[in-house]
Structure formats: C-alpha cells, structure tokens
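Below are the chains, spelled out letter by letter.
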Amino acid sequence: MTYYTVCPDCGYKLLKAGDGSNLEIYCPKCKAKMIIEIRDCKITIQKYYQTKSNNRINL
C-alpha cells in the first residue's frame, strides 16, 4: 500500500512511500527537517529543532 505524507507545519505534500520506509527529508516550502517512518500501516513523523549554539561576538 502507498501512503502520502504531508508536512505537519505547512501542509505541503512531501512524498509518497510504502510500508517499511524510513526517510530523512527537508520540506521545500518551510525548510523543516524531519524523519518519516512508515511501519505496519502507521506513519511516524519526527521533526528536528535546531538551536543556535554559535552566539559569539568577535571584537
């Protein structure tokens, strides 16, 4: 069976994949990074959040 996956933030249609898929993708519309896993008819989307750790001031 084929499943369509959309971005949980902006609703952009990302891809179509089958059972057993494990993908890492960037949304082309909102630039969110996510891992998508399709297993046993269940779609799991994990979104990455990045923090800015380079807050340096050069004098």
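That block above? That's the structure.
All of these numbers come straight from a predicted model, not from anything done at the bench.

A. Structural detail: the pairing of strand β3 (residues 22–26). Where β3 and strand β4 (residues 33–39) come together, five bridges link them in antiparallel fashion. Bridge pairing links Tyr26 to Lys33 in β4. The hairpin turn running from β3 into β4, its antiparallel successor, is six residues long, and Lys31 in that turn takes a positive phi close to 65°.

B. Summary view of the packing of aromatic side chains. With the rule as written, the count across this model stands at zero aromatic pairs. Against the face of Tyr48 rests Lys33, its NZ or CZ located 4.8 Å from the ring centre.

C. Examining the pairing of strand β1 (residues 2–6) more closely. Of the two faces of β1, only one is covered, namely that formed by Tyr3 and Thr5; the face formed by Thr2, Tyr4 and Val6 stays uncovered. Relative to strand β2 (residues 13–18), β1 is paired through five bridges, and the arrangement is antiparallel. Each residue of the ladder has a partner; that of Thr5, found in β2, is Leu15.

D. Geometry of the nonpolar core. Counting eleven residues, the largest nonpolar core consists of Tyr3, Cys7, Leu14, Leu15, Ala17, Ile25, Cys27, Ala32, Met34, Ile36 and Ile38. Within the residue set of this core, elements represented by two or more residues are β2 and β4. Those residues in contact with Tyr3 that lie beyond four places of it in its chain are Leu15, Lys16, Ala17, Asp19, Ile38, Cys41 and Ile43.

E. Representation of the sheet that holds strand β5 (residues 42–47) within the structure. Judged by pairing direction, the sheet is antiparallel, and its three strands sit side by side in the order β3-β4-β5 without closing on themselves. Of all the strands in the sheet, just β3 and β5 have a single pairing partner and so form its edges. Across this sheet, the average inter-strand angle for adjacent strands is 20°, counted without regard to direction. Note that β4 and β5 share six bridges and pair antiparallel. By the bridge assignment for β5, Ile35 is matched with Gln46.

How each quantity is defined
Each residue is numbered by its place in its chain's sequence as written, counting from 1. Two thresholds apply to this predicted model, a pLDDT of at least 70 for residue-level local features and 80 or more for giving and counting side-chain atom pairs, whereas whole-chain, interface and lining totals are computed over all residues. Note: side-chain values were computed over all heavy atoms of the structure, leaving out hydrogens and water. Note on pairing: two strands pair once DSSP finds at least 2 bridges between them. Here a helix means four or more residues in a row that DSSP labels H or I, a strand means two or more in a row labelled E, and each is numbered from the N terminus. Stacked, edge-to-face and tilted are the three classes for Phe, Tyr and Trp ring pairs, Trp counted by its six-membered ring, which pair at centre distances within 6.5 Å; planes under 30 degrees apart are stacked, over 60 edge-to-face, the rest tilted. Either the NZ atom of lysine or the CZ atom of arginine qualifies as a charge over a ring when it sits within 6 Å of the ring centre and within 35 degrees of the ring normal. Relative accessible area decides the class of each residue, using a 1.4 Å probe on protein chains only: under 20% of the type maximum gives buried, over 50% gives exposed, and in between gives partly exposed. Take the buried Ala, Val, Leu, Ile, Met, Phe, Trp, Tyr and Cys residues and link them wherever side-chain atoms come within 4.5 Å; each set so joined is a nonpolar core. In what follows, residue pairs with any heavy atoms lying within 4.5 Å of each other are defined as contacts. To get an axis, a line is fitted to the C-alpha atoms, and for a helix only the part in contact is used. The angle between two axes follows their N-to-C directions and goes from 0 to 180 degrees.

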